[in-house]
Amino acid sequence: MEPVLFLAFANSRENPLETLEEEYSSINKILAPRVLRQHFLAWPLSHATLDDISYYLSLFRERLSLFLFSGHAGRDVLLAEQQAARAEGISHLLGQCPRLKAVILNGCSTAGQVRALHQAGIPLVIATSAPVNDETAAKFSIRLFEALEAGDNIGQAFEQGIGEALARTDIKVYRSAEFEEGSDAGAPTWGIFPNPEKPDVSDWKLPVEAVKPAGYDFEENELLLETLYEALATNPKIAELREAEALLEERKEEIVAALLKSLPAPISDHIRKLVMPSAPGALTGWDIAGPMRLEQISQAFQVAMDFLLFTMLSQLWEYALDDESHFNLLPEHAEGLRHFLTLDKESRAHLDHFALFRILWDALEHNGKEPFVREFRQLRNQFLENEEVKSACFFLENVRRLFETAGSMEMKELCFRAEESLSCIFAQLGFMGRYTLATVRNIDVQKYRHTAQAMFEHLVVKWHGTLGYYDKEHRRQPSFMDNRSVILLRNGGSKESAFLNLSPFVIDENTFEPVPDMSISKLYFFGWQDPKSGHLWYRYVSKPNKELICLQDPKFYNRKHKVFKFELAIQQFKAFQDSIFHTASTAS
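Residues numbered from 1 in each chain as written. Predicted model: local features only at pLDDT ≥ 70, side-chain atom pairs only at ≥ 80, totals over all residues. Heavy atoms only, no water.

Moving on: the overall build of the protein. A tally of helices and strands in the protein yields 18 helices and 20 strands. Here the protein holds 588 residues, and the buried ones make up 55% of them. When contacts within the protein are restricted to residue pairs at least 6 apart in sequence, long-range pairs at least 24 apart make up 66% of them. Only carbon and sulfur atoms are counted for the fraction: they give 49% of the accessible area of the protein, which is about 25700 Å². (Helix = DSSP H or I, 4+ residues; strand = E, 2+ residues; numbered from the N terminus. Buried < 20%, exposed > 50% of the residue type's maximum accessible area, 1.4 Å probe, protein only. Contact = heavy atoms within 4.5 Å. Areas by Shrake-Rupley, 256 points an atom, 1.4 Å probe, with all protein chains shown as cover.)

Set out below in structure tokens:
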């Protein structure tokens, strides 16, 4: 397992510090090449809260090598965004990390915390003891990490950072167990403090080799397809092929088609691209190790995580609609969801799926009902407790943020590791083969004079991929589903109740067309909501990194009917917010 560098930047969303934003961005760029060579994982948080810091210190406990806190602080507290985290509590959590070498507190007046960190067993602390200019603090931190990346040990890197700071202002420097008593509290001060009770770690360096280097004899997609073939074994068609002992090398085309058809359409489309054979002699392609393949693996991961996210978000709203009097959302859950909903395209590239999953899982459990996707409970345990799964997610989150900086030398190895990580995650997502994504096109009421009960006939289009795989089904039942909706169906379940409405988080543009094209789906995922205008932006699932569409764009306005094309989705989103956040304000 790669060691982890946890970098917490406690910047304010309301009044952000430009210098802290520069420090966050610069250190990310400095560490990116080494992260992509798999020497270590870097986990940066730009707006770290106390809950975030506590959560990740627990999550990374066995792997944490270095912890950086950058932002405002005090002698006994770290001022994480709008919260005061007592040094004693953070010190205790850091003390539970057996591989931790160094803690860097790059904030104002943090020297009072050195003794507590030493008592908790931290081998080395770098801290400031008096108010420090924000720009100088940022430049110190950036220079320190440049030196670490270049191969200097932590002691040498500290001296490099101090040199940068001294070039800008007069400072006092301490190189001892703790700050001297009675030092001038008004002077900018930095210190490097080895723990006298621990072995000296001032010669510690960042790793220079991958923990688990990949071989160069692998075949692209072999591991991914084998994993899917095993993970989706509960799907009837896959089960039939496995029972017949069909082998991938002998019946690959048939098995791949069955695998793609068994996955929900958004995920199926991106797996299809990965396994699509390139033209003979092609130098680039989705199935050839290179930037194009690495980006596609990253997109497949992103879409799979977003699909899980929107399914859980839909489940949460379903709880609120089913039992409004008993449903409630805790204020901390509401705050996290509000923040997520307003993340624009650039910010979403740095979305921490783990943090959001944690909020949604906790919110679902808080309301104590059985989720439609019953496998969510087991999935939570795998994501939070299985070290292999966590490593795979951490790696792909880093690749998703940094793949554009990868060089040609490490591309082959990166593509292998990315496929290996994606396979590890899909090994836990085999339950998706039990569900199908579908669109409710039309609903007709069937009631005759001689029948006592009305029946509702639904035209349901099941999507098994965005290109070429779909089935039409006429469902007749005594209760109605939701019109113009994208729904998740549980295969083999009762037709009466086995569905979850994913609208308005997932929409099918064709359902809003006067004459829809029944042969294709045009699926969109929710992107973000502009907090000022309230406008809603959506991403085309097949090309999630392309330009988003705005549902309130004038080109979608019907002047004759005086309504927007996506008016139903706009209304549903407002109803979702009113329902969910009203309960949160009541609970607070």
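Moving on to the environment of Leu 64. The topology assignment puts Leu 64 in strand β3 (residues 64-70). Along the primary structure Leu 64 and Lys 101 are separated by 37 residues, whereas in three dimensions their C-alpha atoms are 8.3 Å apart. Apart from the residues lying within four places of it in its own chain, the contact partners of Leu 64 are Val 4, Phe 6, Leu 57, Leu 94, Cys 97, Arg 99 and Leu 100.

Here His 353 is to be found in helix α14 (residues 353-367). We classify His 353 as buried; its relative accessible area is 1%. In this structure the side chain of His 353 is engaged in a polar contact, spanning 3.0 Å, whose partner is the side chain of Glu 397. Every residue in contact with His 353, bar those within four places of it in the chain, is listed here: Gln 302, Met 305, Asp 306, Leu 309, Glu 397 and Arg 400. (Polar contact = N/O pair within 3.5 Å; in protein donor to acceptor, adjacent residues only side chain to side chain.)

Turning our attention to the pairing of strand β17 (residues 536-540). With five bridges joining them, strand β16 (residues 523-529) and β17 adopt antiparallel strand pairing. Note on β17: the bridge partner recorded for Phe 525 is Arg 539. In sequence, β16 turns back onto β17 through a hairpin of six residues, with Gly 534 there showing a positive phi of about 80 degrees. Two elements, β17 and strand β18 (residues 549-550), share two bridges in a ladder whose sense is antiparallel. Residue Tyr 538 lies in a different strand from β18, and its bridge partner there is Ile 549. (Pairing = 2+ DSSP bridges.)

So, about a negative patch on the surface. The grouping of Glu 219, Glu 222, Glu 226, Glu 249 and Glu 250 at the surface amounts to a negative patch. Assignment of secondary structure puts Glu 219 in the loop between β9 (189-194) and α7 (222-231). Glu 219 gets classed as partly exposed once you look at its relative accessible area, which sits at 49%. (Patch = residues over 30% accessible without salt bridge, like charges linked within 9 Å, V, L, I, M, F, W, Y side chains within 5 Å. Salt bridge = Lys/Arg side-chain N within 4 Å of Asp/Glu carboxyl O. Lys, Arg positive; Asp, Glu negative; His and termini not counted. Charge placed at Lys NZ, Arg CZ, Asp CG, Glu CD.)

In this section: the state of the cysteines. Using the criterion set out here, one finds zero disulfides in the structure. Counting only cysteine sulfurs, Cys 424 is the nearest neighbor of Cys 393, a cysteine outside any disulfide, at a range of 7.6 Å. The class for Cys 393 is buried, based on a relative accessible area of 1%. (Disulfide = S-S within 2.5 Å.)

Quick look at the pairing of β3 now. Across the seven residues that make up β3, a large majority, seven, are buried. Pairing of strand β1 (residues 4-9) with β3 involves six bridges; the strand directions are parallel. Considered in β3, the bridge of Leu 7 is made with Leu 68.

Looking now at empty space enclosed by the protein. With a probe scaled to a water molecule rolled over the atoms, the places where space remains empty come into view. Applying the stated criterion to the full structure yields three cavities of 30 Å³ or more. Empty space within the second largest cavity amounts to approximately 70 Å³. Forming the boundary of the second largest cavity are Pro 264, Phe 307, Leu 308, Thr 311, Val 373, Phe 376, Phe 431, Met 432, Tyr 435 and Leu 488. Taken together, the residues that form the lining of the second largest cavity break down as nine nonpolar, one polar and no charged. (1 Å grid on protein atoms, 1.4 Å probe; cavity = no way out; pocket = protein on both sides within 12 Å on 5 of 7 lines; lining within 4 Å. Points joined across faces, edges and corners; volume = space filled by probe spheres on them. Nonpolar A, V, L, I, M, F, W, Y, C, P; charged D, E, K, R; others polar.)

Right, let's get into unusual backbone geometry. Between Ser 503 and the following residue, Pro 504, the backbone shows a cis peptide bond with an omega angle of 5 degrees. Position of Pro 504 relative to the elements: it lies in the loop between β14 (499-501) and β15 (506-508). Positive phi values are uncommon outside glycine, yet Asn 221 reaches one of about 80 degrees. By the secondary structure assignment, Asn 221 is in the loop between β9 and α7.

In this section: the packing of aromatic side chains. Counted under the stated rule, the structure contains 31 aromatic pairs. Between Phe 310 and Phe 526, the ring centres sit 6.5 Å apart and the planes meet at 85 degrees, which makes this aromatic pair edge-to-face. Of this pair, Phe 310 sits in helix α11 (residues 291-322) while Phe 526 sits in strand β16, and the two are 216 residues apart along the sequence. Look at Phe 310 and you get buried, because its relative accessible area is 1%. Ring pairs connect the aromatic residues Phe 310, Trp 317, Phe 340, Phe 505, Phe 525, Phe 526, Tyr 538, Phe 573, Phe 576 and Phe 581, which therefore count as one cluster. In this structure, Arg 358 packs its charged tip against the face of Tyr 55, placed 3.8 Å from the ring centre. Positioned above the aromatic ring of Phe 395 is the side chain of Arg 417, whose terminal nitrogen or guanidinium carbon lies 4.6 Å from the ring centre. (Phe/Tyr/Trp six-rings, centres within 6.5 Å; stacked < 30°, edge-to-face > 60°. Lys NZ or Arg CZ within 6 Å of the ring centre and 35° of its normal.)

Pairs can form between side chains of opposite charge once their charged atoms are near each other. What the rule picks out here adds up to 22 salt bridges. In this structure, the salt-bridge partner of Arg 61 is Glu 62, at a minimum N-O distance of 3.6 Å. In this structure, Arg 293 engages Glu 419 in a salt bridge whose closest nitrogen and oxygen atoms are separated by 2.9 Å. In this pair, Arg 293 sits in helix α11 while Glu 419 sits in helix α17 (residues 408-426), placing the two residues 126 residues apart along the sequence. Classification of Arg 293 by relative accessible area gives buried; the value is 0%.

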